[in-house]
Amino acid sequence: MHHHFRIYNSMLKKIKSALVSVYHKDNLEPIIRLLEQHEVKIYSTGGTQSFIEELGLEVIAVEDLTGYPSILGGRVKTLHPNVFGGILSRREVDEDINQLKEYDIPEIDMVIVDLYPFEATLASGASEQEIIEKIDIGGISLIRAAAKNYKDVLIVSSIDQYKKVEALLKEKGGVTSIEDRKYFAAEAFNISSHYDTAIFNYLNADVEIGVFKKSTMHKMGLRYGENPHQEGIFYGDFQSMFEQLHGKEVSYNNLVDIDAAVNLIEEFDDTLPAFAILKHTNACGCATGETVKEAYMKAFEADTVSAFGGVLICNKEVDATAAEELHKLFFEILVAPSYTDDALDILKQKKNRILLIKKQNLTAKKQFKSLLNGVLEQDRDLKTDALIDLKVVTKRASTQQENEALIFASKVCKHTKSNTIVLAKEGQLMASGVGQTSRVDALKQAIEKAAQFGLSLEGAVMASDAFFPFPDCVEIADKAGIKAVIQPGGSIRDQDSIDYCDQHGMAMVFTGTRHFKH
C-alpha cells in the first residue's frame, strides 16, 4: 500500500520556482502575489521583471541566471541551457539531477509565458518588418519545453488562462496534480499550433503551398447538430458578427439558415429595403419595397404557408409599422442591421423568437466542407449578375423593367438549391422550384406554386441557375405568361431555346455565369 501512495504522491507537485515573462500583464498581479504567498522563487526578464519589482516583490533576473544580457534587440534572451535545462530536466532521472547540480542549473516548476500578438499586428495593417518581428521564438520555445515536460512542470501560455491558474493556486495551495499539468500542456499546444497556423497562412498567401490549414479559437456549444442524436459545435466568432437581443439559444439548423439568409441579403445594396424569408436555406419569399413593411408583405405573399417558422432577414432598420405586421407571423429568427425601440417592444412579446443585429458583412473569400474523408475548398461565388453582364440573344431585347426583374430573379436563383428555376416580377419573387433532379420539374413546381398562392405570372420573368439543354423550359414558361428569361447559356442546343423565344416574342439574355448551389 505504501508503495502505491508514493507513486500517486509523486504525481502531485509543489511549485517551488517559476519563470514569468509575459506581454499581457492584466490580471497577472493576483497570480504573482499567490506565488509569493506560497514562497515560490520567481525568475523574470524585461518588462515583467519591472512589473514584479514595482509590486515590491523579490525577483531574480533571467540575465543573472544565464550570464547573458538580452541581445539582438531582444530577439535572444531566454534561449539558454540554464533556462531550458531547468524546465526540461526529468525530476526522477538521477543523471538529469546530477547534471543540473554540475552546471548549477535551478529547476523551474512553472512557466508563465505568452506570445507576441502576431495576429493583432497582422490585422492592424502593420508593415512586413513589424509583422515578422512579432514571430515569437523564445516564448514559443518555453511553451513547448514546459508543455513537453508536463510530468513535472505547469505551463501557463495565455492571458485567457490566468483566472483558471489563480483559482488553482488558491484551491490547492501551490500544489498541482498530473491532470492539472496535462490539461495546461494541451492548452499550450492549442495556443502554439494556432499561432504557427496564423504565421504559416500569412507567409503562404504569397507562396501558395497547397495544404489545408485552418485554426479557430472561438467555439459556440450547440444543443445538438442537424438532428437531436447528432452532437454539434460551431467554431467561429458568432458574437463579432451578430448581437442577440432576444430569444432562445441559436441551433445548428438556425446557423445554416442564418448563413443562407446573410448570403442572399448581401446581394442587395441598401438603396431600397430588401426582405427575405428562408426555409431550409431556400428563399420562399424575397422582395424589395419602399419600406421594410412593404418589402416584407411582398416577400410573405409569395408563400404564406412556408413562411411559418421561417428565418427572416432585412437590410434596413425594422420600425414599429413593420414589426406590427411581422408580429402576426410565427417565425424563428429575424436578422436586421437595427431595430427601433418600439419595434423591439412588439417583437419581444414572443419569448423564444430570436432577434439578431447583424454587425458586419461576410468577409471570407473561400468556403469548405468535409467529404470523402477529406475537405473540399473553393472560392465563394462572389459574382453577382449585373446589367453589364446581360447579353441579349433574341430578336426582342428585354425592356428596362424586365432587366430589373431579371437581375432580381438571378440574385435569388444564385442562392437557391440546384436545380432551380425562379419566377419573379420587378422586386418580387413569385415562386421557385428548388433542389429538383430536373430543370423541367423545378419549373413545373414553380408554376404550380404561383397558382396555389393566386399569383399571376403574366409578364413575369424566369431565371435558371444553369443552361437549358432543351427548349421545353422556355415553352412551358411562355404558356404560363412569362415574357423574359435569364440563364447562363452554354448548351450545344442553346439555339433551340433561342428559336422558340423568337417565334413567340420572348426576350432572353445570357450571363455566361453558372450558379449551381448544392
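These remarks concern the structure in this document. (Residues numbered from 1 in each chain as written. Predicted model: local features only at pLDDT ≥ 70, side-chain atom pairs only at ≥ 80, totals over all residues. Heavy atoms only, no water.)

This paragraph deals with unusual backbone geometry. Here the residue pair S418 and N419 is connected by a cis peptide bond, since its omega of -10° sits within 30 degrees of zero. Although it is not a glycine, E208 sits at a positive phi angle of roughly 60°. Overall, the relative accessible area of 64% leaves E208 in the exposed class. For N373, which is not glycine, the phi torsion reads 60° and is therefore positive. (Buried < 20%, exposed > 50% of the residue type's maximum accessible area, 1.4 Å probe, protein only.)

Moving on, we get to a nonpolar patch on the surface. Side chains of V207, I209 and V211 sit close together on the surface and give an oily, nonpolar patch of about 260 Å² of accessible area. Locating V207 in the fold gives a position in helix 11 (residues 178–207). With relative accessibility at 55%, the residue V207 sits in the exposed group. (Patch = residues over 30% accessible without salt bridge, like charges linked within 9 Å, V, L, I, M, F, W, Y side chains within 5 Å. Areas by Shrake-Rupley, 256 points an atom, 1.4 Å probe, with all protein chains shown as cover. Salt bridge = Lys/Arg side-chain N within 4 Å of Asp/Glu carboxyl O. Helix = DSSP H or I, 4+ residues; strand = E, 2+ residues; numbered from the N terminus.)

Per the stated rule, a full pass over the model turns up 10 aromatic pairs. Between F212 and F368, the aromatic rings sit 4.9 Å apart at their centres with planes inclined by 75°, giving edge-to-face as the arrangement. Here F212, found in the loop between helix 11 and strand 8 (219–221), pairs with F368, found in strand 16 (residues 366–371); they are 156 residues apart in sequence, far enough to count as distant. Cluster of aromatic residues (ring-pair linked, three or more members): F118, Y195 and Y202. The positively charged end of K213 is found above the aromatic ring belonging to F200, 5.1 Å away from the centroid. (Phe/Tyr/Trp six-rings, centres within 6.5 Å; stacked < 30°, edge-to-face > 60°. Lys NZ or Arg CZ within 6 Å of the ring centre and 35° of its normal.)

A grouping of E317, D319, D341, D342 and D345 is seen on the molecular surface, where their side chains present a negatively charged patch. Among the secondary structure elements, D342 is positioned in helix 16 (residues 341–347). (Lys, Arg positive; Asp, Glu negative; His and termini not counted. Charge placed at Lys NZ, Arg CZ, Asp CG, Glu CD.)

One finds L35, I87, M110, V111 and I112 to be the most contacted residues of the largest nonpolar core, which totals 54 residues. For this core, the element with the highest residue contribution is helix 11, accounting for eight residues. Ignoring sequence-local partners within four residues, the contact set of I112 consists of L19, V20, S21, V22, L28, I31, L35, V156 and Y162. Counting residues in hydrophobic clusters, the runner-up holds 42 residues, among them I258, A274, A424 and V461. (Core = buried A, V, L, I, M, F, W, Y, C linked by side-chain atoms within 4.5 Å. Contact = heavy atoms within 4.5 Å.)

Hydrogen bonds along the backbone pair up the strands of a sheet, which may run parallel or antiparallel. Taking strand neighbours across the sheet as the criterion, the five strands line up as 4-3-2-5-6 in an open arrangement whose pairing is parallel. Of all strands in the sheet, those with a lone pairing partner are strand 4 (60–61) and strand 6 (154–156), marking the two edges. Taken together, the three bridges between strand 5 (residues 110–113) and strand 6 define a ladder with parallel strand orientation. Within the sheet, the bridge partner assigned to M110 lies in strand 6 and is L154. Strand contacts of helix 3 (residues 46–54): strand 2 (17–21), strand 3 (41–44) and strand 4, with the helix running at about 140° to strand 3, the strand carrying the most contacts. (Pairing = 2+ DSSP bridges. Axes fitted to C-alpha atoms, helices over the stretch in contact; angles between N-to-C directions.)

Along the chain, the position of A283 falls in strand 12 (residues 282–288). Exposure remark for A283: the relative accessible area of 5% places this residue in the buried category. For the pair A283 and S432, spaced 149 residues apart in sequence, the C-alpha to C-alpha distance is 8.5 Å. Those residues within four positions of A283 in sequence are excluded, and the remaining contacts are L264, I277, L278, V412, L429 and S432.

Three or more residues of helix 3 are buried, namely T48, Q49, F51 and I52. An end-on view of helix 3 places all buried positions within 160° of arc, on one side of the element. Those residues of helix 3 hidden inside the fold are in contact with strand 2, helix 2 (29–37), strand 3, strand 4 and helix 4 (62–66). A positive phi of about 80° marks G56, the residue just after helix 3. (Arc of directions from axis to C-beta.)

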